[in-house]
Amino acid sequence: RTAGGVNPNSVHLAPTEASPTMNSVLSCVLASVAFHASLAHGFASLIAITTQTTTSCHSRSDTRGEVCERNSWRLALYRKFHDYAWEKLGYDESIRSLVPEGYESNASPARADSTVVASLRSIDEFPSLRAAPDVNNNKSVLRLARSAFLETQTVDNNTPLVNPMTIHVLNFVLFPSTSIVDGGSPQGFPIFGADVVSLPGNKHLVALDFQPILKVGESASPQTLLPKRYIAFEERLRDLHTKYEKSLPWGGDIPPAAQRFFSPYALWTRLADEDAMETVQSTVLDAFKDYIDVYHDLMKSVQADVDSGRLEFEDDRDNHVMEGQHDYLNYRRTNDPARPMLKRLYGDEWAEHVIQCILFPELSSQSNQ
């Protein structure tokens, strides 16, 4: 096994030279990833914002890349992260997908013997958060969960390629409802965001956070991330941050415009030493599990309070919590660092639709807010 715990008998190790296409993609990735620190997922430094194109949220009509059948490939490098998160939510294949037909997967040539495969998932049903059978409530405190994979694979048998010149990405985000109120006061719960990214050149970028959507002074407890009722979960999060911040040192400064979307407990790091892959597969995986455990436990507690009547849902969603999520979504849609890479790999239409309608959809396009 390699330092990262990968079995060389089951993973094809490709040559390390990059094709012209891969070099072009790499340029986009490095430029865009540099910007990601200025966002709520944590990858730093400004890139030129590409011209937006108008896109409507409907089924896909065409694409530059090859469309793959759902679940017809292995996404192995970050499968443990991916599966752990979705199992926490109780996901199974019977749950309705919010990803329009034709957008669940795509593939684009990277070299003569490899492709970069993208896979998307988005749902608004969460079995692990459902009310007890005797509770008459169909309101979920989570309104949306979605993930995105990019992975370099062999052309012949869809086996993951692992070497310093390949791309592997996991992005996983949980959006809480904007309609939860406590005594008439809207409750602005943070967004859970996780990025684990491996790029050509043995560059690994990691960002985990409970991303705040309220500006300072807009919550009942402006010095805390969570409402006072849930301070025990913030204490758990604080302890986890203390546990991991030394082994996952801070990855760079955050521009002022993005600082409101970072919590004091963000883990944002760059790894590039010879032990980087081992760190990703051990320390980073442990941190990912711990952070999502706390967030899921928080949402279970909030759901129990909604089911019992201690918290309520407010039909009028025009409040500062909804405005905060709008701000976050607009910021991410405008500045998404993956845009140049996705456009180069899969074409403008597919990339714009994915960013605007699947990764960061308008609140009004989701049924459970």
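What counts and what doesn't
- Residues numbered from 1 in each chain as written.
- Predicted model: local features only at pLDDT ≥ 70, side-chain atom pairs only at ≥ 80, totals over all residues.
- Heavy atoms only, no water.
- Helix = DSSP H or I, 4+ residues; strand = E, 2+ residues; numbered from the N terminus.
- Contact = heavy atoms within 4.5 Å.
- Areas by Shrake-Rupley, 256 points an atom, 1.4 Å probe, with all protein chains shown as cover.
- Axes fitted to C-alpha atoms, helices over the stretch in contact; angles between N-to-C directions.
- Parallel < 35°, antiparallel > 145°, perpendicular 65-115°, else oblique.
- Left-handed = near helix turned anticlockwise from the far one by under 90°.
- Nonpolar A, V, L, I, M, F, W, Y, C, P; charged D, E, K, R; others polar.
- Pairing = 2+ DSSP bridges.
- pLDDT = per-residue confidence, 0-100.
- Buried < 20%, exposed > 50% of the residue type's maximum accessible area, 1.4 Å probe, protein only.
- Core = buried A, V, L, I, M, F, W, Y, C linked by side-chain atoms within 4.5 Å.
- Phe/Tyr/Trp six-rings, centres within 6.5 Å; stacked < 30°, edge-to-face > 60°.
- Lys NZ or Arg CZ within 6 Å of the ring centre and 35° of its normal.

## A word on the overall build of the protein
Scanning the protein from N- to C-terminus turns up seven helices and 10 strands. Long-range contacts, defined here as pairs at least 24 residues apart, represent 77% of the contacts in the protein between residues at least 6 apart. Only carbon and sulfur atoms are counted for the fraction: they give 49% of the accessible area of the protein, which is about 15,400 Å².

## Some remarks on the packing of helix 6 (residues 339–346) against helix 7 (residues 348–359)
Packing of helix 6 against helix 7 brings their axes to within 7 Å, and their N-to-C directions diverge by 140°. Relative to helix 7, helix 6 is oriented oblique. Between helix 6 and helix 7 lies a crossing whose hand is right-handed. Residue-level inspection shows Arg339, Leu342, Lys343 and Tyr346 of helix 6 in contact with helix 7, the latter providing Asp348, Trp350, Ala351, Glu352 and Ile355. Looking at the contact of helix 6 with helix 7, its residues break down into five nonpolar, no polar and four charged.

## So, the sheet that holds strand 2 (residues 114–123)
Here we have seven strands laid out as an open sheet, ordered 1-2-3-4-7-8-9, and antiparallel in their pairing. The open sheet has two free edges, formed respectively by strand 1 (105–111) and strand 9 (267–271), since each of these has just one partner strand. Strand-to-strand, the axes of this sheet are offset by a mean angle of 5°, without reference to chain direction. Two elements, strand 8 (residues 203–211) and strand 9, share five bridges in a ladder whose sense is antiparallel.

## Thoughts on the confidence of the model for the protein
Per-chain confidence: the protein averages 78 in pLDDT, with 72% of residues scoring 70 or above. Across the protein, element-level confidence peaks in helix 3 (residues 231–244) with a mean pLDDT of 97 and bottoms out in helix 1 (residues 20–35) with 44. Below pLDDT 50 for its whole length, residues 25–54 participates in 104 contacts with residues either more than four positions away or in separate chains. For the stretch residues 61–75, pLDDT sits under 50, and the model shows 45 contacts to residues farther than four places along the chain or on other chains.

## As for the environment of Ala266
Residue placement: Ala266 occurs in the loop between helix 3 and strand 9. We classify Ala266 as buried; its relative accessible area is 3%. Sequence separation between Ala266 and Glu245 is 21 residues, and the spatial gap between their C-alpha atoms is 9.0 Å. Discounting residues that sit within four places of it in the chain, Ala266 has contacts with Leu208, Asp209, His241 and Trp250.

## Some thoughts on the nonpolar core
Counting 52 residues, the largest nonpolar core has Phe81, Phe192, Phe210, Tyr291, Leu298, Met299 and Val302 as its most contacted members. Ranked by residue count, the leading element in this core is helix 4 (residues 276–308), at 14 residues. Excluding its chain neighbours within four sequence positions, the residues that come into contact with Phe81 are Leu170, Val196, Val280, Val284, Leu285 and Phe288. Ranked by size, the runner-up nonpolar core spans 42 residues in total, among them Tyr103, Val197, Ala266 and Met322.

## Some points on the sheet that holds strand 6 (residues 185–186)
With antiparallel pairing, the three strands of this open sheet are ordered in space as 6-5-10. Of all strands in the sheet, those with a lone pairing partner are strand 6 and strand 10 (312–313), marking the two edges. Sheet topology note: the strand 5 (residues 180–182)/strand 6 ladder contains two bridges and is antiparallel. Note that in strand 6 the partner of Val181 across the bridge is Pro186.

## Details of the packing of aromatic side chains
Here the structure, examined in full by the defined rule, presents 17 aromatic pairs. For the pair Tyr230 and Phe233, a centre-to-centre distance of 6.4 Å together with 45° between the ring planes defines the contact as tilted. Each member of the pair Tyr230 and Phe233 is classed as buried. Seen in terms of ring centroids, Phe261 and Tyr328 are 5.5 Å apart; in terms of plane orientation they differ by 80°. Their pairing is edge-to-face. Linking Phe261 in the loop between helix 3 and strand 9 with Tyr328 in helix 5 (residues 320–335), this pair joins segments that are 67 residues apart in sequence. We classify Phe261 as buried; its relative accessible area is 2%. Judged by its relative accessible area of 0%, Tyr328 is buried. Taken together through their ring pairs, the aromatic side chains of Trp86, Tyr91, Phe172, Phe192, Phe210, Tyr291 and Tyr295 make up a single cluster. The side chain of Arg121 reaches across the aromatic face of Trp86, ending 5.0 Å from its centre. We note Arg146 situated over the ring of Phe360; from NZ or CZ to the ring centre the distance is 5.1 Å.

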